[in-house]
Amino acid sequence: MFKHTKALSGFSVDDTEKARKFYEEVLGLDVREGAMGILELHIQDSNPIIVYPKEDHVPATYTILNFPVNDVEETVDELTKKGVTFERYDGEIATDEKGICRGGGGPTIAWFKDPAGNIFSVLG
């Protein structure tokens, strides 16, 4: 049924203006305004990701966007300089002092939150 159609992914935020500023100024994304106050994140070679306002927004408890990068440590350093705080975890996905998980059988990865509390990552 959906074999020949495109799909859109989306998530909510509690303040689209804060989100727009963060996505544009901190992450450097191409953010466009859609209908009904919806933001569209245009990321290279992918369908737009829609970000919609929701008054009773509850942040996702899982990673909603993963950004593959060439050098996780360099990216973490750049984002930290822009005020991004990286999450710290113990246990199986333990992170170091920079917030980078370097092992455990998975990719090198670091998690951070947008202004609405949604979890994003950079991974290599």
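That block above? That's the structure.
Values in this document were obtained by computation on a predicted structure and should not be read as measured data.

1. Things to note about the packing of aromatic side chains
Then, number 1: In the structure shown here, the tally under the stated rule is 9 aromatic pairs.
Then, number 2: Judged by centre distance (6.5 Å) and plane angle (55 degrees), the rings of F22 and F112 are tilted. In this pair, F22 is assigned in helix α1 (residues 16–26) and F112 in strand β7 (residues 109–113), connecting sequence segments 90 residues apart. The same class applies to F22 as to F112, namely buried.
Then, number 3: Aromatic pair F67 and F120: ring centres 6.1 Å apart, planes at 55 degrees, arrangement tilted. One end of the pair, F67, is in strand β5 (residues 63–68); the other, F120, is in strand β8 (residues 119–123), and 53 residues separate them in sequence.
Then, number 4: For F67, a relative accessible area of 15% translates into the label buried.

2. Notes on the sheet that holds strand β1 (residues 9–13)
Then, number 1: What the 4 strands build is an open sheet, ordered β1-β4-β3-β2; its pairing is mixed. Two strands lie at the open edges of the sheet, namely β1 and β2 (30–33), each paired on one side alone. Within this sheet the neighbouring strands show an average axis-to-axis angle of 25 degrees, counted without direction.
Then, number 2: Here β1 runs beside strand β4 (residues 49–53); their pairing, made up of 5 bridges, is parallel. Its bridge partner being in β4, G10 is matched across the sheet by I50.
Then, number 3: Each of β1, β2, β3 (39–42) and β4 touches α1; the most contacted strand, β2, lies at about 150 degrees to it.

3. Focus on α1
Then, number 1: Here α1 has its buried residues at T16, A19, R20, F22, Y23 and V26.
Then, number 2: The opening residue of α1 is D15, an N-cap whose side-chain oxygen sits 3.0 Å from the backbone nitrogen of E17.
Then, number 3: Residue G28 follows α1 closely and has a positive phi angle near 75 degrees.

Basis of the calculations
Residues numbered from 1 in each chain as written. Predicted model: local features only at pLDDT ≥ 70, side-chain atom pairs only at ≥ 80, totals over all residues. Heavy atoms only, no water. Phe/Tyr/Trp six-rings, centres within 6.5 Å; stacked < 30°, edge-to-face > 60°. Helix = DSSP H or I, 4+ residues; strand = E, 2+ residues; numbered from the N terminus. Buried < 20%, exposed > 50% of the residue type's maximum accessible area, 1.4 Å probe, protein only. Pairing = 2+ DSSP bridges. Axes fitted to C-alpha atoms, helices over the stretch in contact; angles between N-to-C directions. Contact = heavy atoms within 4.5 Å. Polar contact = N/O pair within 3.5 Å; in protein donor to acceptor, adjacent residues only side chain to side chain.

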